[in-house]
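# Working through the structure, step by step
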Amino acid sequence: MTKLLPAKHLLSIAMVSAFLAVVLVALPDGDSEDKNSISLEANFEVIDQSQLMLQDLRQLAPTANTAAQNALFSTNDINVDKAYKDTTDINTDKAVPVTAVTTTTIHDIPAPKALVQKSAPPTFKEQTVEVKPGDSLSKLLSAKGISAQDIHKVSVADTKQKTLLQMRPGQTLQFTTNNASGELSSLTIVLNRLDSVTFDRVGDEFNRKETSRTPEVTQAYKEAEINDSLFVDGLKSGIDQSLLIELANIFGWDIDFALDIRKGDSLSVLYEEQLLDGEKIGNGNIIAAQFINNGRTYQAIRYSTEKGSSYYSPDGLAMRKAFIRTPVDFTRISSKFNPNRLHPVFKTTMPHRGVDYAAASGTPVKAAGDGKISFAGKQNGYGNVVIIDHGRGYQTLYAHLRGFAKGTKRGARVQQGKVIAYVGQTGWATGPHLHYEFRINGTHKNPITVKLPNDEPMPKNDLKNFLPYAKQVVATLANSHSPEFAQKLASLNKN
Ligand SMILES: [Zn+2]
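Given the structure is predicted, the values throughout are model-derived calculations rather than measurements. (Residues numbered from 1 in each chain as written. Predicted model: local features only at pLDDT ≥ 70, side-chain atom pairs only at ≥ 80, totals over all residues. Heavy atoms only, no water.)

### Considering the overall build of the protein chain
Condition: A run of H or I in DSSP counts as a helix once it spans at least four residues, and a run of E counts as a strand once it spans at least two, with each numbered from the N terminus. Remark: exposure states derive from per-residue accessible area (1.4 Å probe, protein chains only) relative to the maximum for the residue type, with buried under 20%, exposed over 50%, and partly exposed in between. We call two residues in contact whenever any of their non-hydrogen atoms come within 4.5 Å of each other. Per-residue accessibility takes into account occlusion by the displayed protein chains alone, with areas from the Shrake-Rupley method and a 1.4 Å probe.
For the protein chain, the count of helices and strands is 14 helices and 20 strands. Sorting the 495 residues of the protein chain into buried and exposed places 40% on the buried side. The long-range share in the protein chain, meaning contacts at least 24 apart out of those at least 6 apart in sequence, stands at 62%. For the protein chain, the exposed area adds up to about 27600 Å²; of that, 54% sits on carbon and sulfur atoms.

What follows is the structure, given as structure tokens:
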């Protein structure tokens, strides 16, 4: 029969058939659904995928119904273009039955939502993966079949905080996917035992929510006899290293733990332990501690004032001194304080009014005490130099610096321990070192032996509350001592 028809009729029939095929295929009602091809159904399961299919149409029929198409596509966002590139192979196949239509009106294609809503209530699958070295969000999730567009969407919700970008080995990702669509419905990154961040799908984007658990805090007590070193004996007695470091910091102003330790020294400490579901997860603050060194008792009590938390003796004196003894981690003292020294460069008698601490170029130099920078710049022989005015007639000077830390400039306030500059050999120096001077009312003192003043005492208002509290804490500490420990302390006191 086809033989009898002219070519142009054949063409018309072909076009009409094609049109009918599309209408049948695309009609959203129940009757036509049975006749739909499987591939189309698959296409309409997910809104994104159908958008991609429309995208295919737009690309394949660029000249037809441009205005109508633009109207149709105007709600598409940029993500679709991106997603299209990411998943080209899959979606091109699925779009094939429809692309045969070419110039047929596109707005006959039904809104895919209608089809999505028809499917049964969604079921979800939960999965957990641990972050390994070298892993990234996209690597982990795409390996689990999460689409590139979902990974992109969840990242968008985290743009500011970048938690997902900074994921670390040992953390875990928990995520839920829709069984029917494979779409990501929620993602949680468990940062540690206390903190996690959850991304929940709401429509076409993700909401970010941080969750933190608060551990239960209890008081704990430990004691140790120190015969060898704070660390060796402390660890033997079951005191965590982090606590020992803190104890060394608290008592380090008065006791040189490398040189002053004597056999029979003793340590006791009252501190906070953090529990989660009844299990210890870490230590909190040291509440009070006592160190008996060479027969002398040092006690420290943590207390918070307006200025922050710090450690005080039971009578309210700061444990901290106003200055740290050495403002740099040095390898050796290359030149001592010496008023009659022969200068290494000029070979004439020139007093050395500071201490030279040899250290690698670039080693951080710390402010010895709180104060205000009165000079930061170049000064002939000193090279790059910083001078800090600490008030009460105290001044410190740091010379031969390679460079200054950010914020180190004249007039800037600095706190004890803040990095102000870096070791170098600018000016008259034969090797990288820090030349450090300590001046009281304009007179140079030997920084190694000068008696360092105590830090500012506790404000009077705070002292009123502190004294009774300190008494109570010291009593708690004493009551915690084991009988043997208490006996030993008693015999120490007798001697
Ligand atoms: Zn020097």
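### Some points on the side chain of Asp135
Spelled out, the test is: The definition of a polar contact used here is a pair of N or O atoms within 3.5 Å, where within protein one atom must be able to donate a hydrogen and the other to accept one, and adjacent residues in sequence count solely through side-chain atom pairs.
By the secondary structure assignment, Asp135 is in the loop between β1 (124–130) and α9 (137–143). On the basis of relative accessible area, Asp135 is assigned to the buried category, the value being 18%. Here the side chain of Asp135 touches Lys132 through a polar contact of 2.7 Å, landing on its backbone nitrogen. Here the side chain of Asp135 touches Lys139 through a polar contact of 3.5 Å, side chain to side chain. Among all residues touching Asp135, those that are not within four sequence positions of it are Glu130 and Leu140.

### Quick notes on a nonpolar patch on the surface
Test applied: Patch membership is restricted to residues that have no salt bridge and whose relative accessible area is over 30%. Joining uses 9 Å for like charges and 5 Å for the nonpolar side chains Val, Leu, Ile, Met, Phe, Trp and Tyr. Every case where a carboxyl oxygen of Asp or Glu lies within 4 Å of a side-chain nitrogen of Lys or Arg is listed as a salt bridge.
On the surface, a cluster of nonpolar side chains totalling about 240 Å² of accessible area is made up of Phe231, Leu235 and Ile245. Relative accessible area serves as the criterion here: at 32%, Phe231 is assigned to the partly exposed category.

### Topic: the pairing of strand β3 (residues 184–190)
Put simply, the test is: Strand pairing is defined by DSSP finding a minimum of two bridges between the two strands.
Where burial is concerned, most of β3 is hidden: 6 out of the 7 residues are buried. Judged from the 5 bridges that link them, β3 and strand β4 (residues 195–202) form a sheet pairing that is antiparallel. When the bridges of β4 are listed, Thr188 appears paired with Thr198.

### Looking at the pattern of salt bridges
A side chain of one charge can pair with a side chain of the opposite charge if their charged atoms are brought near each other. As enumerated under the stated definition, the model contains 18 salt bridges in all. Between Arg201 and Glu183 there is a salt bridge whose closest N-O contact spans 3.6 Å. Residue Arg201 is located in strand β4, and its partner Glu183 is located in the loop between β2 (172–178) and β3; the two are separated by 18 residues in the primary sequence. For Glu183, a relative accessible area of 23% translates into the label partly exposed. Lys236 is the partner of Asp233 in a salt bridge, and the nearest nitrogen-oxygen pair spans 3.9 Å. On the criterion of helical spacing, the pair formed by Asp233 and Lys236 is a turn pair, its members being 3 residues apart in helix α11 (residues 230–236).

### Things to note about the nonpolar core
Definition in use: Put simply, a nonpolar core is a bunch of buried Ala, Val, Leu, Ile, Met, Phe, Trp, Tyr and Cys residues held in one set by side-chain atoms that sit within 4.5 Å of each other.
The biggest cluster of nonpolar side chains holds 27 residues, and the ones touching the most others in it are Val365, Ile388, Tyr398, Ile420, Leu434 and Phe438. Listed by contribution, the elements that provide at least two residues to this core are β12 (355–358), β15 (383–391), β16 (394–404), β18 (419–423) and β19 (433–440). The biggest single contributor to this core is β19, with 4 residues. When residues no more than four places from it in sequence are discounted, the contact partners of Phe438 are Phe323, Tyr394, Gln395, Thr396, Thr443, His444, Lys445, Pro447, Val450 and Leu452.

### Here's the deal with the coordination of the zinc ion
To keep it simple, the criterion reads: Listed donors are limited to N, O and S atoms within 2.8 Å of the metal, widened to 3.2 Å for Na, K and Ca; water is not among them, so incomplete-looking sites are possible. Note on geometry labels: four donors, all angles 85 to 135 degrees, give tetrahedral; four donors become square planar and six octahedral when opposite donors are over 155 degrees apart and every other angle is between 65 and 115; remaining cases are irregular.
Distances from the zinc ion to its protein donors, namely His352 (NE2), Asp356 (OD), Asp356 (OD) and His435 (ND1), fall within the range 1.9 to 2.8 Å. What the 4 donor atoms of the zinc ion show is an angle range of 52 to 155° at the metal, which sorts the shape as irregular.

### Regarding the environment of Leu477
Relative to the helices and strands, Leu477 is located in helix α13 (residues 460–480). With relative accessibility at 1%, the residue Leu477 sits in the buried group. Among all residues touching Leu477, those that are not within four sequence positions of it are Tyr221, Ser268, Val269, Leu270, Ala288, Ala289 and Gln290.

### Looking at unusual backbone geometry
The phi angle at Lys162 is positive, at roughly 60°, despite the residue not being glycine. Tracing the backbone through its elements, the reader meets Lys162 in the loop between α10 (148–156) and β2. Of note, Asp277 is a non-glycine position whose phi angle comes to about 50°, a positive value. Among the structural elements, Asp277 can be located in the loop between β7 (265–276) and β8 (279–293). Taking relative accessible area as the criterion, Asp277 reaches 62% and is therefore assigned exposed.

### Quick notes on the environment of Ile333
Tracing the backbone through its elements, the reader meets Ile333 in strand β11 (residues 332–335). Considered as a pair, Ile333 and Leu434 are 101 residues apart in the sequence and their alpha carbons are 9.6 Å apart. With near-sequence residues (within four places) excluded, Ile333 lies in contact with Val355, Asp356, Tyr357 and Ile448.

### What about the sheet that holds strand β6 (residues 216–226)?
Filter applied, for reference: Convention adopted: a line fitted to C-alpha atoms gives each axis, helices being fitted over their contacting stretch, and angles between N-to-C directions are expressed from 0 to 180 degrees.
Strand order across the open sheet formed by 5 strands is β6-β7-β8-β9-β10, with antiparallel pairing between neighbours. Only two strands of the sheet have a single neighbouring strand rather than two, namely β6 and β10 (308–312). Taken pair by pair, the neighbouring strands of this sheet meet at an average axis angle of 25°, ignoring direction. In this sheet, β7 lies alongside β6 in antiparallel orientation, the contact comprising 11 bridges. Note on β7: the bridge partner recorded for Gln219 is Glu272. Its contacts with the sheet put α13 on β6, β7, β8, β9 (296–305) and β10, and the angle it makes with β9 is roughly 130°.

### Observations regarding helix α12 (residues 241–251)
Defined as follows: Taken from the helix axis, the directions to the C-beta atoms give the arc we talk about.
Those residues of α12 not exposed but buried are Leu243, Leu244, Leu247, Ala248, Ile250 and Phe251. Looking straight down α12, one finds that the buried residues subtend no more than 160° of arc, so they occupy a single side. Buried-residue contacts for α12 involve α11, β7, β8, β9 and β10.

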